[in-house]
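# Analysis of the macromolecular model
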Amino acid sequence: MDVLLRRTLIALRKSHFRINARRSVSYVAESLREDHGETRKMTLVESLRDAMDITLSKDSTSIVFGEDIAFGGVFRCTDGLLEKYGSHRVFNSPLCEQGIVGFGIGAATAGVVSVAEIQFADYIYPAFDQVVNEAGKYRYRSGGLFNCGPLTIRAPCGAVGHGALYHSQSPEAFFAHIPGIKVVIPRGPAQAKGLLLASIQDNNPVVFFEPKILYRSAAEEVPVGEYTLPLSKAEVVVQGDDVTLVGYGHQIQVLREVCDMAREQLGISCELVDLRTILPWDQETLAQSVCKTGRMVIAHEAPLTQGFASEVTSAIQNECFLDLEAPIQRVCGWDTPFPHIFEPFYLPDKHRCFEAVKLVTNY
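These lines cover the structure that appears in this document, whether it is placed above or below. Residue numbers here run from 1 along each chain, matching the order of that chain's written sequence. In view of the model being predicted, local features appear only for residues whose pLDDT reaches at least 70, and side-chain atom pairs are presented and counted only at 80 or more, with totals across whole chains, interfaces and linings using the full set of residues. Excluded from the side-chain calculation are hydrogens and water; included are all heavy atoms of the structure.

## Some thoughts on the overall build of the protein chain
Here is the rule: A helix here means a DSSP run of H or I that spans at least four residues, while a strand means a run of E at least two residues long, and both kinds are numbered starting from the N terminus. We take the radius of gyration over the C-alpha atoms and set the globule estimate at 2.2 Å times the residue count to the 0.38 power. The buried label goes to any residue with under 20% of its type's maximum accessible area, the exposed label to any with over 50%, and the partly exposed label to all in between, with areas taken from a 1.4 Å probe on protein chains only. A 1.4 Å probe and the Shrake-Rupley method give the accessible areas. Residues count as covered only by the protein chains that appear here.
A count of helical and extended segments in the protein chain gives 13 helices and 14 strands. A compact globule built from 363 residues would reach a C-alpha radius of gyration of about 21 Å, and the protein chain, at 21 Å, matches this within 12%. Along the first, second and third principal axes, the C-alpha atoms of the protein chain reach 60 × 60 × 45 Å. Among the 363 residues that make up the protein chain, the fraction classed as buried is 56%. Only carbon and sulfur atoms are counted for the fraction: they give 55% of the accessible area of the protein chain, which is about 15,600 Å².

Structure representation (structure tokens):
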């Protein structure tokens with residue numbers, strides 16, 4: 001029995017890696033539509049580090065902190081910043097997410113630009129009370145006398161191929177339910193730098209989720225200087241006429257391939273919209289697209305039930321009801337704990353999204 005079980009597990013694991021290879025998505029490099037001057041090729045990790053470097057050099061009060069930050073962090077996002085700016089501005093925190101965010105709230109309330117890192121978004125939950133009842137409410141509870149707007153909380157999120165239950169989660173929907181904060185999720189290096197700088201400079205606390213699968217797999221030309229991209233503004237990444245595809249973060253790369261598949265196999269023109277910010281999110285841009293195409297598919301890695309796709313679906317159905325030609329389709333993770341060897345079957349990959357495109361066009 002032990003031998004049979006062992007052989008079965010080995011076969012499952014081999015199958016897992018074969019399926020992962022078959023369903024892998026290649027990053028499509030892109031350039032910003034506005035000219036921000038000289039560029040250099042950067043990975044997502046490098047673009048985030050560059051944004052923090054600019055912040056630390058520009059504002060002598062700014063600080064960066066979190067678990068293992070001093071030596072660069074587990075993903076090396078802060079590599080070299082300690083040596084450049086000193087241990088009083090780039091420093092480790094205890095292994096306590098509640099303490100990390102609580103400290104950041106206090107520092108930001110005192111006027112310090114604070115960039116806190118939660119090592120994995122899966123472990124942000126102990127800090128949830130601090131985000132909900134302190135960061136989100138500080139300005140309101142004090143009648144505008146105090147606020148913690150200079151606080152930005154970075155957190156790597158999403159599937160990476162081997163993270164299993166505790167290193168793969170996408171908890172953005174929890175935070176999209178909190179008045180008083182903003183929630184941002186970039187799709188690539190150039191977007192990440194501009195959005196992170198905008199988040200740091202925004203006068204509201206921001207939770208900034210980073211798709212960690214893109215940390216080193218995504219590389220493109222990124223402006224070397226300081227620039228910002230607008231928060232709460234969606235972007236039409238691919239123009240189309242027949243179906244609107246909606247996502248954010250790494251899912252945009254998946255949906256890019258779906259656009260190609262739909263065009264090549266079905267002769268269907270898909271319009272791809274990246275929300276970029278999910279709180280507050282840009283309903284106007286998306287509604288304009290859906291009124292044009294009459295069909296919408298939205299996808300994210302987080303579970304289906306109460307996922308952010310539910311909010312988007314409800315709002316667009318209300319806004320565009322008379323223009324819809326088919327029911328809106330949600331393609332999401334399943335309502336289970338995030339699996340390990342069955343990860344490829346859990347994720348809203350291009351094949352599941354493509355089936356949804358066929359469904360709304362054949363309705």
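## Describing the packing of helix H10 (residues 283-293) against helix H11 (residues 308-320)
This is how the line gets drawn: Only the contacting stretch of a helix is used when fitting its axis, a line to C-alpha atoms as for every element, and angles between N-to-C directions run 0 to 180 degrees. By definition in this entry, angles of less than 35 degrees are roughly parallel, angles greater than 145 are roughly antiparallel, angles of 65 to 115 are roughly perpendicular, and the rest are oblique. Note: crossing handedness is left-handed where the near helix turns anticlockwise from the far helix by less than a right angle, and right-handed where it turns clockwise. Only heavy atoms enter the contact rule, under which two residues are in contact if any of them lie within 4.5 Å. Polar here means any residue other than Ala, Val, Leu, Ile, Met, Phe, Trp, Tyr, Cys and Pro, which are nonpolar, and Asp, Glu, Lys and Arg, which are charged; Gly is therefore polar.
For the pair H10 and H11, interaxial distance at closest approach is 10 Å and the crossing angle is 60°. With respect to each other, H10 and H11 are oriented oblique. For the pair H10 and H11, the sense of crossing is right-handed. Here H10 contributes Gln283, Leu286, Ala287, Val290 and Cys291 to the contact with H11, which in turn contributes Val312, Ala315, Ile316, Glu319 and Cys320. Residues of the contact of H10 with H11, tallied by class, amount to 8 nonpolar, 1 polar and 1 charged.

## Observations concerning empty space enclosed by the protein
Using the following cut-off: Points on a 1 Å grid, built from protein atoms alone, make a cavity when a 1.4 Å probe fits but cannot get out and make a pocket when they are open with protein on both sides within 12 Å along at least 5 of 7 lines; residues with an atom within 4 Å of a point are the lining residues. Grid points are joined across faces, edges and corners, and a volume is the space filled by probe spheres set on the points.
Throughout the structure, instances matching the rule amount to 2 cavities of 30 Å³ or more. Considering only enclosed or pocket space, the largest cavity measures out at about 130 Å³ in volume. In terms of lining residues, the largest cavity is bounded by 14 residues, among which Cys157, Ser170, Tyr248, His250 and Glu301 are the most central. The residue makeup of the lining of the largest cavity, split by class, is 6 nonpolar, 6 polar and 2 charged. The computed volume of the second largest cavity comes to approximately 40 Å³. Ranked by residues supplied to the lining of the second largest cavity, first place goes to helix H6 (residues 138-141) with 3 residues. Grouping the amino acids of the lining of the second largest cavity by side-chain chemistry returns 5 nonpolar, 4 polar and 1 charged.

## Examining the state of the cysteines
Two cysteines form a disulfide when their sulfur atoms are joined by a covalent bond. Filter applied, for reference: In this description, a disulfide is simply a cysteine sulfur pair whose atoms lie within 2.5 Å.
Enumeration over the complete set of coordinates arrives at 0 disulfides. In this structure Cys96 is a free cysteine whose sulfur lies 17 Å from that of Cys148, the closest cysteine sulfur available. Cys157 takes part in no disulfide bond, and the closest cysteine sulfur, belonging to Cys77, lies 12 Å away.

## A closer look at helix H8 (residues 189-201)
Put simply, the rule is: Multiplying one less than the number of residues by 1.5 Å gives the expected span of a helix.
Taking 1.5 Å of rise per residue, the 13 residues of H8 would be expected to cover 18 Å, and the 18 Å separating its terminal C-alpha atoms lies within 8% of that figure. Those residues of H8 that fall on the buried side of the exposure criterion are Pro189, Ala190, Gln191, Ala192, Lys193, Gly194, Leu195, Leu196, Leu197, Ala198, Ser199 and Ile200.

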